[in-house]
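# A structural walkthrough
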Amino acid sequence: MRHHIYLTALILPLAIAQSPSPIPFPGQPTHKGETGKFELLENSIVSSQQLFLGRPDKVYIIDKVENNPTQINGHPAWASEYRLSDNHQRPLDIATNTFCAGGGVLGNGTWISVGGNQAVTSGGNPAATQDGRSGPYRDADGRRILLNPCDGDDCEWTVSNFESEQRWYPTIGGSKNGGYLNDASQTNPTYEFFPPLGSPVRSAFLQNTLPANLYPLTWLLPSGKLLVQATRSTILLDHKTKAESPLDDMPDAVRTYPASAGSVMMPLTPANNWTATIMFCGGSDVPTDEWASPKFVPISQAAATSCVKIAPDVSGTYVHDDSLPERRSMANLILLPDSKILCLNGARTGTAGYGTTSWSIGQSYADDPVLTPVLYNPDAPAGSRWSSNGISASTVPRMYHSSSTLLPDGSVFVSGSNPNADYTAGTDVLFPTEYRTERFYPSYYNERRPQPKGLISQLSYGGTPFDVVLDSDDLYKDVQNVDSAKVVVLRPGFSTHSINMGQRMIVLQSSYSGFSNTTAILHVSQMPPNPSIFAPGPAYVFVVVKGIPSIGVQVMIGSGNIEAQKILPIGSLPEPTIYHADDTTSSGSTTTTTTTDQKQKTSGAAFEYKLRWDRASTWLPIWTGVMSCLSLVY
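- Under the annotation held in an unreviewed UniProt entry, the chain carries the name Glyoxal oxidase and is attributed to Psilocybe cyanescens.

## Some words on the side chain of Thr 405
- You can see Thr 405 is positioned in strand 29 (residues 402-406).
- When neighbours within four sequence positions are excluded, Thr 405 is seen to be in contact with Leu 51, Leu 53, Ser 411, Val 412, Phe 413, Pro 492 and Asn 500.

## Digging into the packing of aromatic side chains
- In total, this model carries 26 aromatic pairs according to the counting rule given.
- Consider the rings of Phe 52 and Tyr 60, whose centres lie 5.6 Å apart with planes at 20°: the pair is stacked. This pair shows no difference in class: Phe 52 is buried, exactly as Tyr 60 is.
- Here Phe 99 and Tyr 354 contribute two aromatic rings whose centre-to-centre distance is 6.4 Å and whose plane-to-plane angle is 20°, an arrangement assigned as stacked. One end of the pair, Phe 99, is in the loop between strand 8 (89-91) and strand 9 (102-105); the other, Tyr 354, is in strand 25 (residues 347-354), and 255 residues separate them in sequence.
- On the basis of relative accessibility, which here comes to 6%, the residue Phe 99 falls in the buried class.

## Examining unusual backbone geometry
- Pro 211 follows Leu 210 through a cis peptide bond whose omega is 5°.
- You can see Pro 211 is positioned in the loop between helix 1 (204-208) and strand 15 (217-220).
- In this model, Tyr 257 is joined to Pro 258 through a cis peptide bond whose omega is 5°.
- Following the sequence through the fold, Pro 258 ends up in the loop between strand 18 (244-246) and strand 19 (262-265).
- Residue Tyr 169 is not a glycine yet carries a positive backbone phi of 60°.
- Note that Tyr 169 resides in the loop between strand 12 (158-159) and strand 13 (190-191).

## Quick notes on the pattern of salt bridges
- One pass over the full model with this rule turns up 23 salt bridges.
- Between Asp 86 and Arg 83 there is a salt bridge, with the nearest N and O atoms lying 2.8 Å from each other.
- Exposure remark for Asp 86: the relative accessible area of 42% places this residue in the partly exposed category.
- A salt bridge links Asp 285 to Arg 232, with the shortest nitrogen-to-oxygen separation between them at 2.8 Å. Within this pair, whereas Asp 285 is found in the loop between strand 20 (278-281) and strand 21 (307-310), its partner Arg 232 is found in the loop between strand 16 (226-230) and strand 17 (233-237), the two being separated by 53 residues in sequence.
- With relative accessibility at 43%, the residue Asp 285 sits in the partly exposed group.
- Judged by its relative accessible area of 18%, Arg 232 falls in the buried class.

## Let's talk about the state of the cysteines
- Under the defined criterion, the tally for this structure stands at two disulfides.
- Across the disulfide from Cys 150 sits Cys 155; the S-S distance is 2.2 Å. Measuring the twist about the S-S bond at about -70°, one finds the Cys 150-Cys 155 disulfide to be left-handed.
- For Cys 150, a relative accessible area of 12% puts it in the buried group.
- Linked covalently through their sulfurs, Cys 281 and Cys 307 form a disulfide whose S-S length is 2.1 Å. Taking the sign of the torsion about the S-S bond as the criterion, the disulfide between Cys 281 and Cys 307, at about 125°, is right-handed. Here Cys 281 is found in strand 20, whereas its partner Cys 307 is found in strand 21, with 26 residues between them in sequence. For the pair Cys 281 and Cys 307, one class covers both residues: buried.
- Bonded cysteines in the chain are paired 1-2, 3-4 when counted in the order they occur along the chain.
- Cys 343 carries a free sulfur, and the closest cysteine sulfur to it, the one in Cys 281, is 6.7 Å from it.

## Overview of the confidence of the model for the chain
- A residue-level look at the chain finds 88% of positions with pLDDT of 70 or above and a mean pLDDT of 88.
- Segment residues 1-20: pLDDT under 50, and 128 contacts once partners within four positions in sequence are set aside and those in other chains are kept.
- This model gives residues 589-634 a pLDDT under 50, and the stretch forms 130 contacts once residues within four places in sequence are excluded.

Definitions and cut-offs
- Residues numbered from 1 in each chain as written.
- Predicted model: local features only at pLDDT ≥ 70, side-chain atom pairs only at ≥ 80, totals over all residues.
- Heavy atoms only, no water.
- Helix = DSSP H or I, 4+ residues; strand = E, 2+ residues; numbered from the N terminus.
- Contact = heavy atoms within 4.5 Å.
- Phe/Tyr/Trp six-rings, centres within 6.5 Å; stacked < 30°, edge-to-face > 60°.
- Buried < 20%, exposed > 50% of the residue type's maximum accessible area, 1.4 Å probe, protein only.
- Salt bridge = Lys/Arg side-chain N within 4 Å of Asp/Glu carboxyl O.
- Disulfide = S-S within 2.5 Å.
- pLDDT = per-residue confidence, 0-100.

Quick look at the structure:
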């Protein structure tokens with residue numbers, strides 16, 4: 001099994017400013033939903049152990065090898081494509097056992113699932129051979145598989161030519177054979193790169209953090225280093241020098257699998273100078289020496305409520321934030337485009353994992369599912385940041401092997417839950433293999449959405465700013481709303497085991513020109529000139545006005561190729577200004593008189609630019625250039 005740090009490098013080809021490929025402006029949601037509630041969709045045809053948004057209209061689902069009723073090529077299906085517009089699904093063939101793999105997206109838009117379990121037969125038992133020839137499933141030992149998402153029905157998973165080491169539960173590290181915990185006899189305390197950069201690198205941190213160091217919680221930081229957290233230990237890892245620098249120990253609880261806390265990098269914004277702050281919530285407060293004790297009964301372990309944050313490029317010290325309203329392990333923390341964070345899924349007692357023991361519920365090591373999401377508002381005063389006001393409970397327990405992801409319309413896709421060794425169903429099974437799939441609708445969902453014109457299909461690291469036009473409806477009839485409007489770039493990530501790997505959100509620097517006819521132009525900078533702030537690859541751009549996001553449009557960050565990024569000079573932005581019909585302008589908090597000549601040169605030119613959009617919304621100036629810089633995608 002392979003860890004999911006991938007070395008990527010990209011070059012942006014020079015675009016022709018006069019004839020770019022424009023992005024049609026986003027419209028309104030086509031799907032109907034009740035805000036604060038879940039909607040049951042079509043059942044998935046495989047259980048959603050892993051999932052990701054591969055195209056604006058498609059979610060790709062990966063299961064472990066098990067006896068799903070849907071068949072493909074003479075064996076049960078373990079992967080599928082779910083089309084959001086009409087809930088159409090098709091099974092995808094997948095050659096290896098992706099049980100407890102990691103994953104993410106590369107800089108060229110290829111998605112990768114890395115690692116997985118040994119080949120198994122029915123009941124999750126080891127197969128006689130690991131080459132995909134043993135029945136009844138004929139699966140192979142987990143390695144690396146790739147998918148290039150497509151708009152049609154012709155994309156399939158393929159096996160990479162690069163063979164990885166055995167890695168079960170990997171981000172970095174992992175286990176060779178898997179199990180509830182890691183141990184010295186089977187740990188793989190190394191990390192490697194894709195595309196390969198030589199032999200795997202041995203890590204003292206991974207050797208010394210047994211036993212709860214599977215799925216080490218790992219983030220690429222703006223410094224280019226990695227924050228890595230497992231069991232109670234935390235380090236900064238310099239992948240170039242291989243140096244490991246210790247930070248504070250994790251307080252209050254274990255956050256890694258099987259404690260499985262929710263974790264998320266907070267939005268990176270101009271106001272915080274794109275400084276990375278990572279939040280951990282929930283998990284289980286189990287002493288290190290207790291995990292492997294014969295007396296330890298995971299299902300009786302109360303989950304934690306603690307939330308802590310760390311900004312590792314600034315300080316190695318954790319600070320406490322508001323605790324969760326309820327105890328929760330196996331939570332997903334989903335970034336919403338309005339900068340809030342949705343916490344959903346999980347259980348009040350127990351941990352991730354399953355087995356046939358006297359104390360398990362069926363096979364589940366957790367009980368008492370948490371059905372009501374809570375919303376975190378980073379701008380609220382301390383003590384009032386979590387709220388479930390206006391939010392209704394789901395009817396579907398989502399515990400071990402459940403996943404979720406943000407969708408382009410701002411709703412959240414939720415699926416999976418399968419604390420069983422193989423397909424298990426029936427009215428007598430409390431926590432069966434779960435195929436019920438849902439959408440959750442945040443409070444902004446049914447509001448009229450902004451429909452910005454001028455979004456570009458490719459963003460560079462530095463470079464010339466671009467302009468986005470907002471009409472009166474986009475500004476809700478009040479030009480002052482442009483003052484808080486923002487352009488958000490968001491990557492939903494690869495969801496599995498309470499982690500959305502690679503999930504990240506950045507607010508771009510912007511300014512504006514507002515006009516008395518209640519229209520405005522947002523002047524928007526390209527990406528910050530540092531690929532470690534937001535790694536290359538596909539992402540979604542949302543324009544948020546008055547806290548209401550547009551439909552997200554897919555764009556490419558960087559060139560769309562696996563090569564080095566060029567860093568461009570940062571283009572300057574004009575001062576934020578609102579032009580009034582009474583010959584005065586508002587710039588920030590200052591109002592000044594503008595002469596007729598000045599007004600004709602500034603306001604008149606801006607109105608002419610706006611008029612061009614009204615007459616021909618496909619006209620689009622793009623200024624891009626060549627990019628080059630080393631980055632990591634995880």
